[in-house]
Amino acid sequence: MAPSMFPQAKSAMGFPPIGVWSGLLLLLLLYGFCHAQDTKVVLMEVSGVIDLGLAPYTSRVIREAEQMEAAALILRINTPGGRVDAAMQMRDALLNTRLDTIAFIDKEAYSAGALIALASKQIYMTGGAVIGAATPVGQDGQKTSEKYVSAIRKLFRATAEQHGRPPEVAEAMVDEDVAIPGLIDKGKLLTLTTQEALQWKVADGRVDTLEALLEHLHLSPAQLIRLADDLVLGADDIAAVNI
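Residues numbered from 1 in each chain as written. Predicted model: local features only at pLDDT ≥ 70, side-chain atom pairs only at ≥ 80, totals over all residues. Heavy atoms only, no water.

Novice: What's the story with the overall build of the protein chain in this structure? I'm lost.
Specialist: Within the protein chain one finds eight helices and eight strands. Within the protein chain, the fraction of its 243 residues that count as buried is 44%. The contacts in the protein chain between residues at least 6 apart in sequence include a share of 70% that link residues at least 24 apart. About 13,100 Å² of surface is accessible on the protein chain, with carbon and sulfur atoms providing 56% of the total. (Helix = DSSP H or I, 4+ residues; strand = E, 2+ residues; numbered from the N terminus. Buried < 20%, exposed > 50% of the residue type's maximum accessible area, 1.4 Å probe, protein only. Contact = heavy atoms within 4.5 Å. Areas by Shrake-Rupley, 256 points an atom, 1.4 Å probe, with all protein chains shown as cover.)

What follows is the structure, encoded as structure tokens:
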């Protein structure tokens, strides 16, 4: 008598065998891997003193990121500030792009750096970071005229309004005549710590590493692309106003 054979495993409910589930799981994993390879995130460094060379570089980075349909453009900022004209060009380029722009303040976004951060759709800061102190000064280091201060103050306000940030806080970074109860007295120029920026709705979150930022934004794993900076412009002979 031939030995009896057990039928292939199949539940009474009619579920597929384990091999089918394994195949589906493998397909999902492969899809996730391929999708991650297709997801591109462009990283731009904004470090050191901001000069005229950085403005056209920013426009090129944005243009190339748009062409490759990047999921996001991250600006890692650590700067004491720099030229107003360069920062204004960068600000306009950031406001005009359809990209998801994310400022990652890795310690300092003073002056021009603060304007660039405010022009980004999202702002994240590391622990111990700062943003603010943006009074415009001339080449002699002295504060510029009230007319110029007023113009930069409103530029900061308009930039903050564009992304739903408190405009008075942005103005107080530029003009010490702006007082905000519970935050800054008249006669003091505003600089925010990470905790204060979160409390006053200037920053969207705290992350301490680029990897943590990508995880938080659900952009990990992804291709992180750094575009080479091959633009060098000599502009030392041009009079500048700095913030």
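Having seen the structure, we can now continue with the description.
Novice: Is there a simple way to explain the environment of E108 in this structure?
Specialist: Following the sequence through the fold, E108 ends up in strand β3 (residues 101–110). We classify E108 as partly exposed; its relative accessible area is 31%. Here the alpha-carbon distance between E108 and N78, two residues 30 residues apart in the chain, equals 4.6 Å. Excluding residues that lie within four positions of it along the chain, E108 makes contacts with I77, N78, T79, P80 and V130.

Novice: In this structure, what is going on with the pattern of salt bridges? I would like to understand it.
Specialist: Note on pairing: side chains with opposite charge can pair once their charged atoms come close. Summed over all chains, the structure comprises 13 salt bridges. In this structure, R157 engages E161 in a salt bridge whose closest nitrogen and oxygen atoms are separated by 3.1 Å. One end of the pair, R157, and the other, E161, are both in helix α5 (residues 146–162), four residues apart, so they sit about a helical turn from each other. Judged by relative accessible area, E161 falls into the partly exposed class, the value being 44%. Its salt-bridge partner being R157, residue E168 comes within 3.8 Å of it at the nearest N-O pair. Remark: R157 occurs in helix α5 and E168 occurs in helix α6 (residues 167–172); sequence separation between them is eleven residues. E168 gets classed as partly exposed once you look at its relative accessible area, which sits at 39%. (Salt bridge = Lys/Arg side-chain N within 4 Å of Asp/Glu carboxyl O.)

Novice: For this particular structure, what's the right way to read the confidence of the model for the protein chain?
Specialist: Low pLDDT marks stretches whose predicted atomic positions should not be read closely. Looking at the protein chain as a whole, the pLDDT averages 85, with 79% of positions reaching at least 70. Taken as a whole, residues 3–12 scores under 50 in pLDDT and shows two contacts with residues more than four places along the chain or in a different chain. Across residues 231–240 the pLDDT falls below 50, and counting only partners more than four positions away or on other chains, this stretch makes 16 contacts in the model. (pLDDT = per-residue confidence, 0-100.)

Novice: Which parts of the structure should I look at to understand the packing of helix α3 (residues 84–96) against α5?
Specialist: The packing of two helices is summarised by the inter-axis angle and the distance between the axes. In contact at an axis separation of 12 Å, α3 and α5 are set at 20° when each is read in the N-to-C sense. By the angle between their directions, the pair α3 and α5 is classed as roughly parallel. Remark: the crossing between α3 and α5 carries left-handed chirality. Seen from α3, the contacting residues are V84, M88, R91 and L95; seen from α5, they are Y148, I152, L155, A158, T159 and Q162. Considering only residue class, the contact of α3 with α5 consists of seven nonpolar, two polar and one charged. (Axes fitted to C-alpha atoms, helices over the stretch in contact; angles between N-to-C directions. Parallel < 35°, antiparallel > 145°, perpendicular 65-115°, else oblique. Left-handed = near helix turned anticlockwise from the far one by under 90°. Nonpolar A, V, L, I, M, F, W, Y, C, P; charged D, E, K, R; others polar.)

Novice: I keep staring at the pairing of strand β1 (residues 40–47) and nothing clicks. Help me out?
Specialist: Inspection of the sheet shows β1 paired to strand β8 (residues 223–226) by four bridges, in the parallel sense. Pairing of V41 across the sheet is with L224, part of β8. For β1 and strand β2 (residues 72–79), the ladder comprises seven bridges, and the chain directions are parallel. Bridging from a neighbouring strand, V42 pairs with L73 of β2. The β-α-β motif built from β1, the intervening helix α2 (residues 54–67) and the parallel element β2 has right-handed crossover chirality. (Pairing = 2+ DSSP bridges. Right-handed = clockwise from strand over helix to strand, strands pointing away.)

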